Amino acid sequence: MAAVSAVRAAGRRSRHLFDIFVAEIPWTVSSKELKEYFSQFGSVQRCQLPFDRDTGFHRRYCWIKFSTPEDVQNVLKKDSHILEGSKLTLKQQTRRRRSQRRNPRE
């Protein structure tokens, strides 16, 4: 049981390494399609699209990691992002300095 909670905590901490959180993703869009779409704004290093083990569907949100801060700004400059007729909701992730992070044991 402790191992499961440690893995979950590590997953939560790793999300702070991503640049953009994307929500309202249509069920039919894959991780590959998201990478292709966001590649028009810059180099996508990683796209993390979590899946639900019970349903087998993704959870309709993801995290995107870009190579440079300029790539992130290119994405945020565009007013709206639409995939397969659905408007995506984007939120820039704030990066915390090590001194501002909470103690992982808390």
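Let us look at the structure shown here. These numbers were taken from a predicted model, which means no experiment stands behind them. (Residues numbered from 1 in each chain as written. Predicted model: local features only at pLDDT ≥ 70, side-chain atom pairs only at ≥ 80, totals over all residues. Heavy atoms only, no water.)

1. Some details on the overall build of the protein chain
In step 1: For the protein chain, the helix and strand inventory stands at 3 helices and 5 strands.
In step 2: Residue burial in the protein chain is summarised as follows: out of 106 residues, 29% are buried.
In step 3: In the protein chain, the share of contacts with a sequence separation of at least 24, taken over all contacts with a separation of at least 6, comes to 64%. (Helix = DSSP H or I, 4+ residues; strand = E, 2+ residues; numbered from the N terminus. Buried < 20%, exposed > 50% of the residue type's maximum accessible area, 1.4 Å probe, protein only. Contact = heavy atoms within 4.5 Å.)

2. Notes on helix α3 (residues 69-77)
In step 1: Regarding α3, the residues found buried are Asp 71, Val 72 and Val 75. Buried residues of α3 fall within an arc of 100° about the axis and therefore sit on the same side. Exposed and oriented more than 90 degrees from the buried face of α3 are Pro 69, Glu 70 and Lys 77.
In step 2: Tucked into the core, α3 has its buried residues touching β1 (20-23), α2 (31-38), β3 (61-66), β4 (81-83) and β5 (86-92). (Arc of directions from axis to C-beta.)

3. Looking at the packing of aromatic side chains
In step 1: Applying the stated criterion to the full structure yields 8 aromatic pairs.
In step 2: Plain terms: the ring middles of Phe 21 and Tyr 61 are 5.8 Å apart, the flat faces sit at 35° to each other, and that makes the pair tilted. Here Phe 21 is found in strand β1, whereas its partner Tyr 61 is found in strand β3, with 40 residues between them in sequence.
In step 3: Exposure remark for Tyr 61: the relative accessible area of 24% places this residue in the partly exposed category.
In step 4: Ring geometry for Phe 38 against Phe 41: centres 6.4 Å apart, planes inclined by 45°, an arrangement best described as tilted. Like Phe 41, Phe 38 is buried. (Phe/Tyr/Trp six-rings, centres within 6.5 Å; stacked < 30°, edge-to-face > 60°.)

Functional significance is not addressed by these values, which are geometric in nature.
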